[in-house]
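Chain and residue survey
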Amino acid sequence: MSTLDVMTTPKRYGITEKKKAELDALTIQVTDAQYDVQQLQAIVDSLTVKAANFQAVVVTNDNNKAGALSNKNMLTQILQSALALRQNSETAFNSIVIADAKTKDVAISIKSLIDKLIYAAEVVNKLSNLIIRKKALNPLINDDLVARVSTAGADANNAIALTLVALQAAYAAQAANLQSEAASALQFTQARKLYEVLSGEGEDPKVAANSLATLLNAAYNNAKLAYEKSVHASDATNKQLSVATANLVQAQIKLKSYQLGLAAANAAALAS
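Owing to the predicted nature of the structure, the values given are computational and were not obtained by experimental measurement.

Thoughts on the packing of aromatic side chains
Under the defined criterion, the tally for this structure stands at 1 aromatic pair. Plain terms: the ring middles of phenylalanine 93 and phenylalanine 188 are 6.2 Å apart, the flat faces sit at 10 degrees to each other, and that makes the pair stacked. Highlighted residues: phenylalanine 93 in helix α1 (residues 3-137) and phenylalanine 188 in helix α2 (residues 143-199), separated in sequence by 95 residues. Classification of phenylalanine 188 by relative accessible area gives buried; the value is 14%. The cationic tip of arginine 192 hangs over the ring face of phenylalanine 188; the distance from NZ or CZ to the ring centre is 5.4 Å.

Here's what the structure looks like:
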């Protein structure tokens, strides 16, 4: 071995070891960078699935909120109809009560008229009998007077008969009014209770607490709250995904840089 060989061999060995140490260091950097990329990729994948799930929940909750709002609006229309029914039932009931009172007044008036007609008929009949007796004793009494008095008696009896028919009709109308009043009172009571059950507007606190309006309002508020919470969670997850994706991109760029550096170092080592 020449002196030149002895002097250059250790130097070559030193350069090789140095390059090997550099390659090892670069390899470790690449391995660490690959691990970081894998971890960040797992985080991005997990957040992507989580974001998709939350988005599905948002859509579901949005549909639920829309359905709850539709039910609430529909109830508003039903309440208007129920209120109109209650008001109309009350008006009909009051009208029948007034009609019944007037029918009673008419019946009382007819009864009073009948009493007067009976009294008048009795007077006319007595007068007729008296005139007839007087006529038997005194032929000079005008026959027309006797006939007129007899006619007046008959007319009075006919008037009594007709008034009795009117009184009977008044009593029949009163009986019909009583039946109508009972039916109308029942309808009004049911219409009022129906409106209270639907609207919760009533004296009974239990009815108000369990009314359809209370339940549907609570359902809408709950659906709205669930939707808002899901939107908040979805936004937060999307922000986390955005940050994680940016970190992944940076890690991938870093890994690529290390990989290029390692490739260049390997090429340089092979060329030396």
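Things to note about the environment of aspartate 235
Mapping aspartate 235 onto the fold places it in helix α4 (residues 212-271). What makes aspartate 235 partly exposed here is its relative accessible area of 40%. When the C-alpha positions of aspartate 235 and alanine 51 are compared, they lie 8.5 Å apart, and in sequence the two are 184 residues distant.

Topic: the confidence of the model for the protein chain
In the predicted model, the protein chain carries a mean pLDDT of 83, and 89% of its residues have values of at least 70. When mean pLDDT is compared element by element in the protein chain, α4 scores highest at 93, while helix α3 (residues 205-209) scores lowest at 71. Taken together, the stretch residues 1-14 has pLDDT below 50 and engages in 1 contact with residues farther than four places along the chain or on a different chain.

Topic: the side chain of serine 234
You can see serine 234 is positioned in helix α4. Residue contacts for serine 234: discarding those within four places in its chain leaves Phe54, Gln55 and Val58.

Focus on the pattern of salt bridges
Tallied over the entire structure, the rule returns 2 salt bridges. Where lysine 20 meets aspartate 24, a salt bridge forms, and the shortest distance between an N and an O atom there is 3.2 Å. Of the two residues, lysine 20 and aspartate 24 both sit in helix α1, 4 residues apart, roughly one turn of that helix. On the basis of relative accessible area, lysine 20 is assigned to the partly exposed category, the value being 46%. Salt-bridge contacts for lysine 111 lead to aspartate 115; the nearest nitrogen and oxygen are separated by 3.1 Å. Of this pair, lysine 111 and aspartate 115 are both found in helix α1, 4 residues apart, which corresponds to roughly one turn of the helix. Classification of lysine 111 as partly exposed rests on a relative accessible area of 38%.

Focus on the environment of valine 123
Here valine 123 shows up in helix α1. The exposure class assigned to valine 123 is partly exposed, which follows from its relative accessible area of 40%. With 33 residues separating them along the chain, valine 123 and alanine 156 place their C-alpha atoms 9.9 Å apart.

Some details on the environment of isoleucine 131
Here isoleucine 131 is to be found in helix α1. Residues isoleucine 131 and valine 149, 18 residues apart in the sequence, show an inter-C-alpha distance of 8.1 Å.

Calculation rules
Residues numbered from 1 in each chain as written. Predicted model: local features only at pLDDT ≥ 70, side-chain atom pairs only at ≥ 80, totals over all residues. Heavy atoms only, no water. Phe/Tyr/Trp six-rings, centres within 6.5 Å; stacked < 30°, edge-to-face > 60°. Helix = DSSP H or I, 4+ residues; strand = E, 2+ residues; numbered from the N terminus. Buried < 20%, exposed > 50% of the residue type's maximum accessible area, 1.4 Å probe, protein only. Lys NZ or Arg CZ within 6 Å of the ring centre and 35° of its normal. pLDDT = per-residue confidence, 0-100. Contact = heavy atoms within 4.5 Å. Salt bridge = Lys/Arg side-chain N within 4 Å of Asp/Glu carboxyl O.

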